[in-house]
Amino acid sequence: MLDSEVARARKPTYEVNPLILNRWSPRSFSGEELTDKELFTLFEAARWAPSSYNNQPWRFIYAKRNSKDWDALFNLLVDFNKQWCANASALVVIISKKTFDYNGKPSVTQQFDTGAAWENLAIQATSQGLSTHGMQGFDYEKARKDLGVPDEYDVVAMAVIGKKGAKEKLSAELQQREVPSDRKPLSEIVMEGKFGNKAGIP
Ligand SMILES: Cc1cc2nc3c(=O)[nH]c(=O)nc-3n(C[C@H](O)[C@H](O)[C@H](O)COP(=O)(O)O)c2cc1C
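Definitions and limits used
- Per chain, the residues get numbers from 1 upward, laid out in the order the sequence is written.
- Under the rules for a predicted model, residues below a pLDDT of 70 receive no local features and side-chain atom pairs below 80 are neither given nor counted, while totals for whole chains, interfaces and linings still include all residues.
- Excluded from the side-chain calculations are hydrogens and water; all other atoms, namely the structure's heavy atoms, are used.
- In this text, near means that some heavy atom of the residue lies within 4 Å of the molecule or strand in question.
- For this analysis, a polar contact is any N or O atom pair within 3.5 Å, provided that within protein one partner can donate a hydrogen and the other can accept it, and provided that sequence-adjacent residues contribute only side-chain to side-chain pairs.
- Numbering of helices and strands runs from the N terminus, with a helix taken as a DSSP run of H or I at least four residues long and a strand as a DSSP run of E at least two residues long.
- Gly counts as polar in this scheme, as do all residues outside two lists: the nonpolar Ala, Val, Leu, Ile, Met, Phe, Trp, Tyr, Cys and Pro, and the charged Asp, Glu, Lys and Arg.
- Burial classification: accessible surface area is computed with a 1.4 Å probe over protein chains only, and a residue below 20% of its type maximum counts as buried, one above 50% as exposed, and the rest as partly exposed.
- In short, DSSP must find at least two bridges between two strands for them to pair.
- Between N-to-C directions, angles cover 0 to 180 degrees, with each direction set by a line fitted to C-alpha atoms, over the stretch in contact for helices.
- Residue contacts follow a heavy-atom distance rule, with two residues in contact if any of their heavy atoms lie within 4.5 Å.

Where do I start with the site of the ligand in this structure?
Lining the immediate surroundings of the ligand are 15 residues, of which Arg10, Ser25, Arg27, His133 and Arg183 lie closest. Contacts to the ligand include His133, whose side-chain N or O atom sits 2.8 Å from a nitrogen atom. At the level of elements, helix H5 (79–85) and strand E3 (131–135) are the ones that each hand at least two residues to the shell around the ligand. Looking at side-chain class alone, the shell around the ligand contains four nonpolar, seven polar and four charged residues.

Printed below as a string of structure tokens:
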């Protein structure tokens, strides 16, 4: 079933699985701790994503709130993200192996594959009553250096995981943005046969 705030804000052209629409990226988190079981179930979901040659390029470096590693990940964030991430339950740095295990050659689709794993994680989180929020607002080079990421991996993104908190805890500006977002119409993103062609959307 669609969450009520999602039902108000998101009007799909076609009916899709409610989990897909119920996943959105809030900025208000409750600060509650996640159990290891909750957290590792998310990585388990990520693990089952498809990838070219089943190379599974995704890797996840996490820090739980109040753990010894939290500050190292939190300090990578730009100030804008720091202001709302302070109440997250876990931070994750998502990295991706650039080459295939089987021949050492570059994989063209590795970031695509890792993106699929991230979406699995996010959808699984939604199904567990958790929220996630992807981030590119952090220092990529500092992440590589501080977390010891080898050259053969790309630093792709960060993400926040937690339980959604009261919107009122956010600044007035962020409260205004705390709503499930809309999407471009199908007619803008799907083309039949050739770039620029209209799709035969019924
Ligand atoms: C890779 C990636 C990077 C993002 N970076 C940031 C960020 O640094 N800060 C932020 O507040 N939101 C960030 N977002 C959240 C997007 O703005 C959000 O996913 C988008 O507006 C769609 O909204 P929804 O996730 O609620 O459906 C990021 C999302 C993704 C997937």
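Read on for the rest.
Mind showing me how you'd approach unusual backbone geometry here?
What is expected of a backbone is that most residues other than glycine have negative phi and most peptide bonds are trans. You will see that Tyr53, though not glycine, has its phi angle at about 55°, which is positive. Locating Tyr53 in the fold gives a position in the loop between helix H3 (36–47) and strand E1 (58–64). By relative accessible area, Tyr53 is classed as exposed at 59%. In the Ramachandran plot, Asn66 falls in the positive-phi region, its phi being about 65° despite a non-glycine side chain. Among the structural elements, Asn66 can be located in the loop between E1 and helix H4 (70–74). Accessibility expressed as a relative area gives 62% for Asn66, which makes it exposed.

Honestly, the sheet that holds E1 in this entry has me stumped. Any pointers?
With antiparallel pairing, four strands are arranged side by side in an open sheet as E1-E2-E4-E3. The sheet is open, and its two borders are formed by E1 and E3, each paired with just one other strand. Here the average twist between neighbouring strands, direction ignored, is 25°. Where E1 and strand E2 (residues 90–97) come together, seven bridges link them in antiparallel fashion. Bridge pairing in E2 places Ala63 opposite Leu91. Across the sheet, H3 is in contact with E1, E2 and strand E4 (153–162); its angle to E1 comes to roughly 165°. Lying over the sheet, helix H7 (residues 140–147) contacts E1, E2, E3 and E4, oriented at roughly 90° with respect to E4.

Help me understand the pairing of E2 in this model?
Two faces belong to every sheet, and in a regular strand the side chains alternate between them. In terms of burial, E2 is a largely internal element, eight of the eight residues being buried. Burial along E2 is two-sided: the residues Ala90, Val92, Ile94 and Ser96 and Leu91, Val93, Ile95 and Lys97 are all buried. Summarising the sheet, E2 and E4 pair through eight bridges and their orientation is antiparallel. Bridge pairing in E4 places Ile94 opposite Ala157.

By themselves, these figures tell us nothing about what the structure is for.
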